[in-house]
Structure formats: C-alpha cells, structure tokens
Amino acid sequence: MRIKAASDARRESESNIVIVARTDSRQVISFGESLRSAMAFADAGADVIFIDALTSKEEMKEFCEIAPLVPKLANMLEGGSKTPILSPSELENIGYKLVLYPLSLLGASIRAMQDALMAIKGGQIPPPGCRPCFEEIKEILGFNTYYEEEKRYANRSQLSSQKVSPSPYGVKQWVRDKAERKERTSECPMVEVDMYAICGADVSREPLPAILSQKFLLKITDSCEVEHLHQELCAGELEGIHNAIPALGGLDIKELLDGANNQVGGTLLLDVKDALGDRIQIFLE
C-alpha cells in the first residue's frame, strides 16, 4: 500500500523521486514470502527492490530473475549479514544493478585513524605516503569549488559596510576628488569610508603622539586599474584598518613607521593584493 501511494504521489506531483522498496520477510517468514513481497513491490511501481538477508548465491540469483525490468539492490554488510559478501563484478554477473558496501569506507577510515593516533601517541607523525597532501584534501573536499563560488558572490562594498567600534583617533574623512572620478568609475563606484567608524582600538582619548600623526595615503585599485579608494589617514587610524580591510590584518604599524623614517612624500611603503585581486597600496604623504 505504501509503495502504491508513493508511486501515485510521484506521478501526480510529476516529480522524479526514486522509490526503493525493501522487505525483511526472508528472516522472519521465508524465502518464498520475500520473493512474493518483492514482486508486489515491483507491480506497485517501485523503481528498485531489495530483499535483506538472503543466505546464498542461489537465493540471490533467484531474486534477480523476478521482475527482470526492475533493478535489484544488494547490501554487502561486511561481518554483519547472512548474505554472502561478493565483489561488484560477481554481483553484476548474478543480475544485481546496485550494491551497497556500508561498512567498507567506515571501517577503513576507523583503522587508518587508529593507526595515525597510535603513531602520534608514540611520538611519530604519520608519513606523507599514507595521507593526501593539503592541496589534495582541499580538492577532495571541494574547497577549490567553494573558492570559485566565493569570488562570484564577493561583495566589494564590504570595505565600507563593516560595523566596528569608533576610534578615538578618527575624524570623518571622505574620499577626495569624488566628483572628478565619478565618470570613469560609473560601473564601479568609489567607496566612501568613514575612518571614524572603521578603527576599533580601545584606547584613551589622549592627544596623539607625534609618531602617530604621520600621514599616509591608502589606495585600492582593482585588476582593471579602476580606483575604489583614495584615502588620507594618519598612523593612529592605521591601527584598526584591518577591521575594514581584512587583507591588512597582519599589518605591523611599527615596521611601517620605521620604513617611513627619512623618506620623502609619495614613497610607496606597502603594496599587496587581496584574495579578490584588488591592489592595496600605502604611500607616505
């Protein structure tokens, strides 16, 4: 009844679900009863039929001979079933179209993890030959596909939209010469940055030390050389800039200031690219 109901629902909804019907009557009643149940499943519209716990190759072959147009499923439960464990080619020769090996991968994984843990416990590291390299792991798990999708949906406006606590050093500064660049950046509008909002250092509101008042110019251009940001800021504001521009998360302010010593205005102090290919530059003003 349930198989017929599922078959009717599939037809009425015009869906493409696959109905797999299983009977356990071989164990609890008889082999003959299991064959009758499987045949009834096929007549009711099942796409695949499965009899659990067949005890011999002969029973498996006889099962595959009924309802020849309906694919048969075999379950190779290693060590946990009465059904003979056969290779895929043997099952195909008998007449099966689908096969499950539900414990093969799980068992192999458990043993490999146990061996690796024992090696680590003994002070060793599992050798490279018994495990994939990091790049292979990323490829197997689909990370490279994720990265490509990330590029498709990356939102460049994140540079200006992140919300962080205000900095005591910040004053509201807007991108200079906005009107001049508006025409050539009509498709990629200039980002307006509130420097008071992006720097998140939690420090007292004491006057700026002289070294932190050094002026810098932050520029961001994309791979087409379209400028998205042209911003003057002081060293104190650089302290929290990574809150808005993650690519600058490792910026060493002291090293940058040391590099600015005895340099003239316009000197390029930093030139990096982020994950999206945008070029981030910091100049001495």
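Residues numbered from 1 in each chain as written. Predicted model: local features only at pLDDT ≥ 70, side-chain atom pairs only at ≥ 80, totals over all residues. Heavy atoms only, no water.

An unreviewed UniProt entry annotates the protein as Pyruvate/Phosphoenolpyruvate kinase-like domain containing protein originating from Trema orientale. Annotation of the protein in UniProt includes, under Catalytic activity (unreviewed entry), the sentence "D-threo-isocitrate = glyoxylate + succinate". (UniProt positions renumbered as here; feature names shortened; annotations may be inferred.)

S.K.: Go over the overall build of the protein with me, naming the residues and quoting the values.
M.R.: Of the regular secondary structure elements, the protein holds 13 helices and eight strands. Looking at the 285 residues of the protein, the share that counts as buried comes to 35%. Considering only contacts within the protein whose residues lie at least 6 apart along the sequence, 60% involve residues at least 24 apart. (Helix = DSSP H or I, 4+ residues; strand = E, 2+ residues; numbered from the N terminus. Buried < 20%, exposed > 50% of the residue type's maximum accessible area, 1.4 Å probe, protein only. Contact = heavy atoms within 4.5 Å.)

S.K.: So what's going on with the packing of helix α3 (residues 31-44) against helix α4 (residues 57-65)? Residues and values would help.
M.R.: How two helices pack is summed up by the angle between their axes together with the distance between the axes. Direction vectors running N to C along α3 and α4 enclose 25 degrees, while the axes themselves pass 10 Å from each other. The angle between the axes of α3 and α4 places the two elements in the roughly parallel class. Considering the relative orientation of α3 and α4, their crossing is right-handed. In contact with Phe31, Leu35 and Ala38 of α3, α4 contributes Glu59, Glu62 and Phe63. (Axes fitted to C-alpha atoms, helices over the stretch in contact; angles between N-to-C directions. Parallel < 35°, antiparallel > 145°, perpendicular 65-115°, else oblique. Left-handed = near helix turned anticlockwise from the far one by under 90°.)

S.K.: Describe the nonpolar core, listing the residues and the values that go with them.
M.R.: Ile49, Met60, Phe63 and Tyr96 are the most contacted members of the largest nonpolar core, which totals 25 residues. Mapped onto this core, the elements with two or more residues apiece are α3, β2 (48-51), α4 and α5 (88-94). Once residues within four sequence positions are removed from consideration, Tyr96 is found in contact with Leu54, Met60, Phe63, Cys64, Lys72, Leu73, Ala74 and Leu91. Leu218, Ala235, Ile253 and Ile282 belong to the second-largest nonpolar core, a separate cluster that totals 16 residues. (Core = buried A, V, L, I, M, F, W, Y, C linked by side-chain atoms within 4.5 Å.)

S.K.: Summarise the packing of aromatic side chains; cite the residues concerned and give the values.
M.R.: Evaluation of the coordinates by the stated rule reveals three aromatic pairs. Judged by centre distance (5.6 Å) and plane angle (65 degrees), the ring pair of Phe143 and Tyr146 falls under edge-to-face. Within this pair, Phe143 and its partner Tyr146 are both found in helix α8 (residues 143-153), separated by three residues, close to a single helical turn. Since its relative accessible area comes to 33%, Phe143 is described here as partly exposed. (Phe/Tyr/Trp six-rings, centres within 6.5 Å; stacked < 30°, edge-to-face > 60°.)

S.K.: Quick one: what's the story with the pairing of β2, residue by residue and with numbers?
M.R.: The two faces of β2 match: Val48 and Phe50 on one face and Ile49 and Ile51 on the other face are all buried. Pairing between strand β1 (residues 20-23) and β2: four bridges, direction parallel. Residue pairing in the sheet places Ala21 in a bridge with Ile49 of β2. (Pairing = 2+ DSSP bridges.)

S.K.: Account for the packing of helix α7 (residues 134-141) against α8, naming residues and giving values.
M.R.: As a packed pair, α7 and α8 sit with axes 5 Å apart at the nearest point and diverge in direction by 70 degrees. In terms of orientation, α7 lies roughly perpendicular with respect to α8. Taking contact as the criterion, the partners of Lys138, Glu139 and Leu141 in α7 are, on α8, Phe143, Asn144, Tyr146 and Tyr147. Of the residues that constitute the contact of α7 with α8, the class distribution is four nonpolar, one polar and two charged. (Nonpolar A, V, L, I, M, F, W, Y, C, P; charged D, E, K, R; others polar.)

S.K.: I'd like to hear about the pattern of salt bridges, residue by residue, with values.
M.R.: It is possible for side chains of opposite charge to pair when their charged atoms get near one another. As enumerated under the stated definition, the model contains 12 salt bridges in all. Here Glu148 makes a salt bridge to Lys151, at a shortest N to O gap of 3.9 Å. One end of the pair is Glu148 and the other is Lys151, both in helix α8 and three residues apart, which spans about a single turn. Here Glu148 falls in the partly exposed class, since its relative accessible area comes to 46%. A salt bridge links Lys219 to Glu227; the shortest N-O distance between them is 3.6 Å. Like Lys219, the residue Glu227 is buried in the burial classification. (Salt bridge = Lys/Arg side-chain N within 4 Å of Asp/Glu carboxyl O.)

S.K.: Outline the pairing of strand β5 (residues 215-221), listing residues and values.
M.R.: Most of β5 is tucked away, with six of its seven residues classed as buried. A loop of five residues connects β5 with strand β6 (residues 227-234), the two strands running antiparallel in sequence, and Glu225 in this loop sits at a positive phi of about 65 degrees. Both β5 and strand β8 (residues 279-284) contribute to a ladder of six bridges, which runs antiparallel. Each bridged residue has a counterpart across the sheet, and for Ile220 the counterpart in β8 is Ile280.

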